[in-house]
Amino acid sequence: MRILLVASAFNSLTQRVHAELRERGHRLGVELALGNDLLRARVAQFEPDLILAPMLTTAIPEDIWTAHTVLIVHPGPKGDRGPSSLDWAIHEDAPEWGVTVLQAVAEMDAGPIWASEPFPVRTCGKSELYRNEVADAAVRAVLLAVERFESGDFTPEPLDYDREDVRGQLRPYHAQEFRRIDWAADSTETVLRKLRAADSQPGVLDELFGKRYFLHGGHREDELRGAPGTLIATRDGAVCRATTDGAVWLPQLRPARTPGGPVVFKRPATDVLGPDLLAGVPEVPVSPTAAATRDTWSELRYREENGVGYLEFAFASGAMSTDQCRRLLAAYRQACERPVDVLVLGPARDFFSNGIHLNVIEAADDAAEESWRNITAMDDLVEAILTTTDKVVISALAGNAAAGGVMLALAADEVWCRESAILNPHYRLMGLYGSEYWTYTLPKRVGQDTADRLTRETLPVGARAAGAIGLVDRVVSGSPAEFWASVRGAAEELAAAPELTERLVQKKQRRAEDEANKPLSAYRAEELAQMRQNFFGADEPYHQLRRNFVHKVCPQATPAHLLA
């Protein structure tokens, strides 16, 4: 069928739906919801059999939904209505929620129901829940709804609140009045629920040192204590704030914008507050090994089980600053000193990596110089993985990866990927040539022609499609927990395999042959020469594209690479 995806942004769920439907042979178009006249023109040009909205924050014009079947993906169970469905689910500690695909009508979220799928509400932030359990349920519901539409003989179910299975309700916008934290009264659990429900957006509006900030992210602290509301520690860019019965870590802050003031954006909390305000607040480090045994915030964790080392890293939104790259490199080098032959890299649930940290770069005094520091730190990390010859290194992608984050994964000997992960192996949309040794690893895996196509088309690649072209080695279905159970089993089997010693000998030989053919330093020099031009050259698009991304500037029209 010809299916037009209409979305407020080409976000992770829209990309996932795009990849799933494309794999099933549907002809897809994408139109961003940038204005009714633009949408009307696109509909007339594309002539869709079906219009599907995976993530939409505005209404579809009546003349479109009366002439075409328009299906809306709503992140709530049957009967749920309103713009803050997931916020309320987390705020109210709901054990289960749902995704409903319903037909567009005059009243928002009140149309006939084409499909509905439940999902468990895990204890995590809203955005992490959205990219995992919500996305999995949404894909199941979308595929069922599309199948039912294609059959031509399905009658959607009218919304009827008298039905026993319709448990949702119309809910108001989850405004700051519902999110406000009372540090003198709220328990740690209450504080964490409020933070998780606000997670990526809009954050929880609060006050620190007499100034207003939005708090983003929230993690429990198991040992540190202090007077409720006070900052009691810092760690790797985050701040720890005491509650009535414990403490929570706040990784990111966003200053509240003043009338007429500059646009502000999320950054590591200590960067936002600065050393003067934090004078006297101690830095309390934790090693990756210690963090793995505690209930505290850490971007890095390391543990060993049955002859396998696991180095977990979890960076907000998958972005990796210069400092984060250097900390991960130090942890990687420590892991390489351990007496294990198999080393698994990757976070427990969410993004693997999205490459350099554009927000930190945007806030730097010299964005070009910080871009250069960041990319060279990424290259140092990737080089360390590429030159590890005494271990089998596995990248385990439980979640999405993009740009340099994909190339970071490809530095490993094998890439194991959860079936629901989406990969974007390209840099072009940020005006960059790219580095992280991609000119060595990507063609080596998929061939030069496919590497050229992936970087030129700049479209998302689903895990199954990535497996088919050799971009990843193993695709595992199921939830993040099921994915990691499979990874652990396979890694431990590999560690115990008699042929592992010979495999490591062959790995060392191949690295030596590749180095003799063309040194890694040559790939790095060629890539960085291009990147230096991107960062420091006149009339390069990178800096404007980065600003647009960080400040969430809407495009004037749907980007050309999304047009069918």
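Everything numeric in this text was worked out from a predicted model, so none of it was measured.

Here we look at the packing of aromatic side chains
Logical step 1: In total, this model carries 12 aromatic pairs according to the counting rule given.
Logical step 2: Residues Trp-114 and Phe-154 carry aromatic rings whose centres are separated by 5.5 Å and whose planes lie at 45° to one another, so their mutual orientation is tilted. Of this pair, Trp-114 sits in strand 6 (residues 113-120) while Phe-154 sits in the loop between helix 5 (126-151) and helix 6 (176-179), and the two are 40 residues apart along the sequence.
Logical step 3: Using a relative accessible area of 6% as the deciding quantity, one classes Trp-114 as buried.

Considering the packing of helix 12 (residues 367-386) against helix 19 (residues 520-536)
Logical step 1: Where helix 12 contacts helix 19, the axes come no closer than 10 Å and their chain directions differ by 160°. It follows from the interaxial angle that helix 12 and helix 19 lie roughly antiparallel. Note on packing geometry: the crossing formed by helix 12 with helix 19 is right-handed. Across the interface between the two elements, Ala-368, Glu-369, Ser-371, Trp-372, Ile-375, Thr-376, Asp-379, Asp-380, Glu-383 and Leu-386 from helix 12 touch Leu-520, Arg-524, Leu-528, Met-531, Arg-532, Phe-535 and Phe-536 from helix 19.

With respect to the pattern of salt bridges
Logical step 1: Counted under the stated rule, the structure contains 47 salt bridges.
Logical step 2: The shortest N-O distance in the salt bridge between Glu-20 and Arg-464 comes to 2.5 Å. Within this pair, whereas Glu-20 is found in helix 1 (residues 12-23), its partner Arg-464 is found in helix 16 (residues 463-468), the two being separated by 444 residues in sequence.
Logical step 3: Classification of Glu-20 as buried rests on a relative accessible area of 7%.
Logical step 4: When the shortest N-O distance is used, the salt bridge between Asp-206 and Arg-241 registers 2.3 Å. One end of the pair, Asp-206, is in strand 7 (residues 204-208); the other, Arg-241, is in strand 11 (residues 238-242), and 35 residues separate them in sequence.
Logical step 5: Relative accessible area serves as the criterion here: at 5%, Arg-241 is assigned to the buried category.

Topic: the packing of helix 14 (residues 438-446) against helix 19
For any two helices packed against each other, one specifies the inter-axial angle together with the distance between the axes.
Logical step 1: As a packed pair, helix 14 and helix 19 sit with axes 8 Å apart at the nearest point and diverge in direction by 110°. With respect to each other, helix 14 and helix 19 are oriented roughly perpendicular. Taking contact as the criterion, the partners of Trp-438, Thr-439 and Tyr-440 in helix 14 are, on helix 19, Leu-520, Tyr-523 and Glu-527.
Logical step 2: Residue classes in the contact of helix 14 with helix 19 are distributed as 4 nonpolar, 1 polar and 1 charged.

Observations regarding the sheet that holds strand 2 (residues 27-32)
Logical step 1: Across the sheet, which stays open at both edges, the 6 strands sit in the order 2-1-3-4-5-6 with mixed pairing between neighbours. In this open sheet, the two edge strands, each paired with only one partner strand, are strand 2 and strand 6. Neighbour-to-neighbour, the strand axes of the sheet open up by a mean angle of 20°, direction not taken into account.
Logical step 2: Bridge count for strand 5 (residues 96-103) against strand 6 is 7 bridges, and the pairing is antiparallel. The partner of Trp-97 across the bridge, within strand 6, is Phe-119.
Logical step 3: Strand contacts of helix 1: strand 1 (2-7), strand 2 and strand 3 (50-53), with the helix running at about 175° to strand 1, the strand carrying the most contacts.

Description of the nonpolar core
Logical step 1: Counting 69 residues, the largest nonpolar core has Tyr-332 and Leu-442 as its most contacted members.
Logical step 2: Ranked by the residues each element gives to this core, the list is headed by helix 12, at 11 residues.
Logical step 3: Leu-129, Val-134, Ala-145 and Leu-459 belong to the second largest nonpolar core, which has 40 residues in total.

Quick word on unusual backbone geometry
Logical step 1: Of note, the bond from Gln-201 into Pro-202 is cis; its omega dihedral lies within 30 degrees of zero at 0°.
Logical step 2: Located in the positive-phi region is Asp-93, a residue other than glycine, with phi close to 60°.
Logical step 3: You can see Asp-93 is positioned in the loop between helix 4 (85-91) and strand 5.
Logical step 4: Residue Asp-93 is classed as exposed on the basis of its relative accessible area, which comes to 53%.
Logical step 5: Its identity as a non-glycine residue notwithstanding, Asp-236 has a phi of 50°, on the positive side.
Logical step 6: Within the secondary structure layout, Asp-236 lies in the loop between strand 10 (231-235) and strand 11.

Some remarks on the state of the cysteines
Logical step 1: Taken as a whole and assessed by the stated rule, the structure comprises 0 disulfides.
Logical step 2: We note that Cys-336 lacks a disulfide partner, and the nearest cysteine sulfur, in Cys-325, lies 16 Å from it.
Logical step 3: Cys-417 takes part in no disulfide bond, and the closest cysteine sulfur to it belongs to Cys-124, at a distance of 19 Å.
Logical step 4: Given the relative accessible area of 0%, Cys-417 is considered buried.

Side note on the environment of Phe-10
Logical step 1: Structurally, Phe-10 can be placed in the loop between strand 1 and helix 1.
Logical step 2: Considering only alpha carbons, one finds Phe-10 and Gly-346, 336 residues apart in sequence, at a separation of 25 Å.
Logical step 3: Residue contacts for Phe-10: discarding those within four places in its chain leaves Gln-15, His-18, Val-30, Leu-32, Pro-460 and Leu-562.

Re the environment of Val-286
Logical step 1: Tracing the sequence through the fold places Val-286 in the loop between helix 8 (269-277) and helix 9 (288-291).
Logical step 2: For Val-286, a relative accessible area of 15% gives the class buried.
Logical step 3: Here the alpha-carbon distance between Val-286 and Asp-236, two residues 50 residues apart in the chain, equals 9.5 Å.
Logical step 4: Ignoring anything within four residues of it in the chain, the contact list for Val-286 reads Arg-235, Ala-291, Arg-294, Trp-297 and Ser-298.

Overview of the environment of Pro-48
Logical step 1: Relative to the helices and strands, Pro-48 resides in the loop between helix 2 (36-46) and strand 3.
Logical step 2: The exposure class assigned to Pro-48 is buried, which follows from its relative accessible area of 8%.
Logical step 3: For the pair Pro-48 and Lys-266, spaced 218 residues apart in sequence, the C-alpha separation works out to 38 Å.

Remarks on the pairing of strand 3
Logical step 1: Side chains Leu-50 and Leu-52 of strand 3 all project onto a buried face; the interleaved residues Ile-51 and Ala-53 project onto the opposite face, where all are buried too.
Logical step 2: Examined bridge by bridge, strand 1 and strand 3 share 3 bridges and lie parallel to one another. By the bridge assignment for strand 3, Leu-4 is matched with Ile-51.
Logical step 3: For strand 3 and strand 4 (residues 70-74), the ladder comprises 3 bridges, and the chain directions are parallel. The residue bridging Ile-51 from the neighbouring strand is Val-70, located in strand 4.

Remarks on helix 7 (residues 188-198)
Logical step 1: Most of helix 7 is tucked away: 8 of the 11 residues are buried.
Logical step 2: Turning to helix 7, its buried residues number three or more, namely Thr-188, Val-191, Leu-192, Lys-194, Leu-195, Arg-196, Ala-197 and Ala-198.

Procedures and definitions
- Residues numbered from 1 in each chain as written.
- Predicted model: local features only at pLDDT ≥ 70, side-chain atom pairs only at ≥ 80, totals over all residues.
- Heavy atoms only, no water.
- Phe/Tyr/Trp six-rings, centres within 6.5 Å; stacked < 30°, edge-to-face > 60°.
- Helix = DSSP H or I, 4+ residues; strand = E, 2+ residues; numbered from the N terminus.
- Buried < 20%, exposed > 50% of the residue type's maximum accessible area, 1.4 Å probe, protein only.
- Axes fitted to C-alpha atoms, helices over the stretch in contact; angles between N-to-C directions.
- Parallel < 35°, antiparallel > 145°, perpendicular 65-115°, else oblique.
- Left-handed = near helix turned anticlockwise from the far one by under 90°.
- Contact = heavy atoms within 4.5 Å.
- Salt bridge = Lys/Arg side-chain N within 4 Å of Asp/Glu carboxyl O.
- Nonpolar A, V, L, I, M, F, W, Y, C, P; charged D, E, K, R; others polar.
- Pairing = 2+ DSSP bridges.
- Core = buried A, V, L, I, M, F, W, Y, C linked by side-chain atoms within 4.5 Å.
- Disulfide = S-S within 2.5 Å.

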